[in-house]
Amino acid sequence: MTEVNDAVLHSGGWVEGHTLLSNIATVFKLELPVKGLQVLADKLEPLEVRLDEESRETVAKVTGTAGAPSVEIRVTLNVTFIHDEPDLRRAVPAVPG
């Protein structure tokens, strides 16, 4: 996750929040300038975080038509982990009342 954060920062953006879904996936809520979207996609590739075809097409469309490159956009990045491990289970304490 720190590598994804570093890629976002390098693209001129920041992580607004994230949601961990067991050990299956993480959803990142990002904000970055339009010009940083392709930079982010390029920085994620060496991390083996690959965008699907629809996402690559969207990056190309947004960076080509969004107007000023400094305009900030909100982006959601869903990272799904591929492994053979069982689901991560955490004990959730009971809340009185």
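What comes next concerns the included structure.

Describing helix α2 (residues 34-44)
Looking at α2, one finds that the buried residues are V34, G36, L37, L40, A41 and L44. Projected down its long axis, α2 carries its buried residues within an arc of 145°, all on one side. The secondary structure elements touched by the buried residues of α2 are α1 (2-10), β2 (25-33), α3 (53-65) and β3 (72-80).

A look at the environment of T80
Mapped onto the fold, T80 is located in strand β3. Excluding its chain neighbours within four sequence positions, the residues that come into contact with T80 are I24 and A25.

Notes on the sheet that holds strand β1 (residues 14-21)
The 3 strands are arranged β1-β2-β3 in an open sheet whose pairing can be described as antiparallel. Edge positions in the sheet fall to β1 and β3, since each of these pairs with one other strand and no more. In this sheet, adjacent strand axes meet at a mean angle of 15° when their direction is disregarded. Seen against the sheet, α1 touches β1, β2 and β3 and runs at an angle of roughly 155° to β1. Relative to β2, α2 is tilted by about 140°, and along the sheet it contacts β2 and β3.

How each quantity is defined
- Residues numbered from 1 in each chain as written.
- Predicted model: local features only at pLDDT ≥ 70, side-chain atom pairs only at ≥ 80, totals over all residues.
- Heavy atoms only, no water.
- Buried < 20%, exposed > 50% of the residue type's maximum accessible area, 1.4 Å probe, protein only.
- Helix = DSSP H or I, 4+ residues; strand = E, 2+ residues; numbered from the N terminus.
- Arc of directions from axis to C-beta.
- Contact = heavy atoms within 4.5 Å.
- Pairing = 2+ DSSP bridges.
- Axes fitted to C-alpha atoms, helices over the stretch in contact; angles between N-to-C directions.

Note that every value here comes from positions in space, so none of it alone points to a role or purpose.
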